[in-house]
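# Fold and contact review
Chain by chain, the residues run as shown.
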Amino acid sequence: MTALDALKTQAAADAASKIVDQFKADPDRLSRMSLDVAGIFVDVSKQSWSKAGFDSAVALFEQAGLVEARDRMWTGKEINVSEGRAVLHVALRDSDAENQRLRGAEITADVKTARDAMKAYADGIRAGTITGASGKKFKTIVHIGIGGSDLGPRLVFQGLAPLQPEIDVRFVANVDGSELALALAGLDPSETLVIAVSKTFTTQETLANFLAARDWLIKALGEEAASKHLAAVSAAPDKTGAFGIPADRVFGFKDWVGGRYSLWSAVSLSLIIALGYDIYERLLAGAHEMDQHFLTAPFPQNAPILLAAAQLYNRIGLDRPSRAVIPYVHRLRRLAAFLQQLEMESNGKRTSPTGEVLETKTCPVVFGDEGTNAQHAFFQMLHQSEDVVPLELIAVQHNPEATPDMQQKLLSNIIAQGEAFMVGKSLETSVAECEKLGFDAARTAQIAPQKVCPGNKPSTTVLLNELTPETLGALLALYEHKTFAEGIVLGLNSFDQWGVELGKTLGVNVLKDITGDVIAAHDPSTTALIKRIKG
Ligand code: F6P
């Protein structure tokens, strides 16, 4: 029997009992299934598993060869086999000495050169020695990128921005025109820096937005002056010259940094300028602490493994096709969007690295929104639908921006929700409530069943002591390693994204149809839509 089959058998057996009863049967459950690391408390004890189910989920990683895979990643082997690349975002948060020991002089030099260039540029802008063409200090950065060139930096800026930033960052990803229009609204071009961020520097949306922003600068300042307001971040720096970006304002990173793992690289240049290099270093330090934990903690006490084990138990063991991520933290309101790319682009695959179709389902649908808002939107379905949607409830314990009253109310909500999902509400309780309200027997019979919540719905709680650069770095690294560990068990390459290519290619074809004289052959619906757009 394979380890995955063993997990399925155990999960089916566990399904006969309730989570609340598992607590009664196992007094050590909470201590075994929770841990503190890098300022983050992780509690997976409200998952559906029994002790045996937990053990069989954790055993998956050993049996799948995670230890060897992790070593191969850490030491720069080409684990992204389809693209022939190493995967070394962890090198961006290592010390020089550690880097040198594990990966050699070349990687260490690449990391250091990139860091030094970013620091010098960011410090210069912050100090006012690097200015716009008229000598005015830059007050706003327009960060133009999409996918991994947007989601991480946007999340971190929202997470850490001071209430009144000296330098603001506005993000533009969508090519719908409105996002750029809104970002540029009210800005003074003479105090604005536009940074194009694209690993490949071929991404249609980013290039179109960048050219439109550059035109906006040129109209206001003239071509020569405008070029002083442009910068780029790319792993293909040779492509940036064609866009009028001076070479000394192009910041590079290497192709061993995957797009959705790139926030640790120059992709975060906007943040480094706006928040300061020291904040970026603290973000790296937090991620590094999680890296060390992932490398050294035994699997049953390893936070990324606990989260990955819970996901595999739910997805493979119990065929649960989705997971809700609910940060009770307005500053982390884009966390679900970030995780959607990290997890679904990494592990939403159907084949092994050698091309065989996989036997198991892979990544669930990840969705979510900030709590408590989500409670007043889609929690109804989560509480009462027959479908079981595992939840991840995330909060920050100490928030200097909240009054004690607000914070207590917020935290009582996240705690109560985890309990409510697990305990539910029985028919007896509902009947008693109806009787207390004075309902007659007929009305009680009608209303009481509608109030029942089946309960026994699993959740994980993730509690940050505070939201700091360190804890945020650790949180994001936690999810990166969770995703990697799942990919190893699922037997896929978490670092390519061939599925995105089809839509990109067809998009280019349809663009030709829309802008050219002839329309290529399509299905009737697609042809009609193209004709409609052409007017
Ligand atoms: O959507 C595919 C993708 O390649 C992502 O992996 C990447 O983060 C995004 O597009 C943006 O790519 P780039 O940084 O090259 O513009």
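Residues numbered from 1 in each chain as written. Predicted model: local features only at pLDDT ≥ 70, side-chain atom pairs only at ≥ 80, totals over all residues. Heavy atoms only, no water.

Going by the annotation in an unreviewed UniProt entry, the name recorded for the protein chain is Glucose-6-phosphate isomerase, with Asticcacaulis benevestitus DSM 16100 = ATCC BAA-896 given as the source organism. Of the protein chain, the UniProt comment under Function (unreviewed entry) reads exactly: "Catalyzes the reversible isomerization of glucose-6-phosphate to fructose-6-phosphate." The UniProt entry for the protein chain carries the following comment under Sequence similarities (unreviewed entry): "Belongs to the GPI family." (UniProt positions renumbered as here; feature names shortened; annotations may be inferred.)

Quick look at the packing of helix H8 (residues 151-160) against helix H15 (residues 335-347) now. Their axes nearest at 9 Å, the elements H8 and H15 cross at an angle of 155°. Comparing the axis directions of H8 and H15 gives the class roughly antiparallel. Between H8 and H15 lies a crossing of left-handed hand. Along the contact surface, H8 presents Leu151, Gly152 and Leu155, while H15 presents Leu335, Ala337, Phe338 and Gln341. Split into classes, the residues belonging to the contact of H8 with H15 amount to five nonpolar, two polar and no charged. (Axes fitted to C-alpha atoms, helices over the stretch in contact; angles between N-to-C directions. Helix = DSSP H or I, 4+ residues; strand = E, 2+ residues; numbered from the N terminus. Parallel < 35°, antiparallel > 145°, perpendicular 65-115°, else oblique. Left-handed = near helix turned anticlockwise from the far one by under 90°. Contact = heavy atoms within 4.5 Å. Nonpolar A, V, L, I, M, F, W, Y, C, P; charged D, E, K, R; others polar.)

Per the counting criterion, the structure on display carries 14 aromatic pairs. Here the aromatic rings of Phe61 and Phe299 are separated by 6.4 Å at their centres, their planes lie at 80°, and the arrangement is edge-to-face. Remark: Phe299 occurs in the loop between helix H13 (277-296) and helix H14 (303-317) and Phe61 occurs in helix H4 (residues 51-64); sequence separation between them is 238 residues. Overall, Phe61 belongs to the buried group, its relative accessible area being 0%. The class for Phe299 is buried, based on a relative accessible area of 9%. With a centroid separation of 6.2 Å and an interplanar angle of 45°, the aromatic rings of Trp74 and Phe294 are classed as tilted. One end of the pair, Trp74, is in helix H5 (residues 66-74); the other, Phe294, is in helix H13, and 220 residues separate them in sequence. Comparing Trp74 with Phe294, the two get one shared label, buried. Taken together, the aromatic side chains of Trp74, Tyr261, Phe294, Phe484 and Phe495 make up a single cluster linked through ring pairs. Across the ring face of Phe23, the terminal group of Arg29 is positioned such that the distance to the ring centre comes to 5.1 Å. Lying across the ring of Phe294, Arg70 places its NZ or CZ 5.6 Å from the centre. (Phe/Tyr/Trp six-rings, centres within 6.5 Å; stacked < 30°, edge-to-face > 60°. Buried < 20%, exposed > 50% of the residue type's maximum accessible area, 1.4 Å probe, protein only. Lys NZ or Arg CZ within 6 Å of the ring centre and 35° of its normal.)

What follows is about the nonpolar core. Core analysis: the largest hydrophobic core is formed by 111 residues, its most contacted members being Phe61, Ile273 and Leu475. Top contributing element to this core by residue count: helix H20 (residues 469-490), with 11 residues. For Phe61, the residues in contact, after removing those within four places along its chain, are Leu66, Phe299, Ile305, Ala308, Ala309, Leu312, Ala485, Glu486 and Val489. Within the second largest apolar cluster, 20 residues are counted, among which are Ile144, Leu180, Leu184 and Leu230. (Core = buried A, V, L, I, M, F, W, Y, C linked by side-chain atoms within 4.5 Å.)

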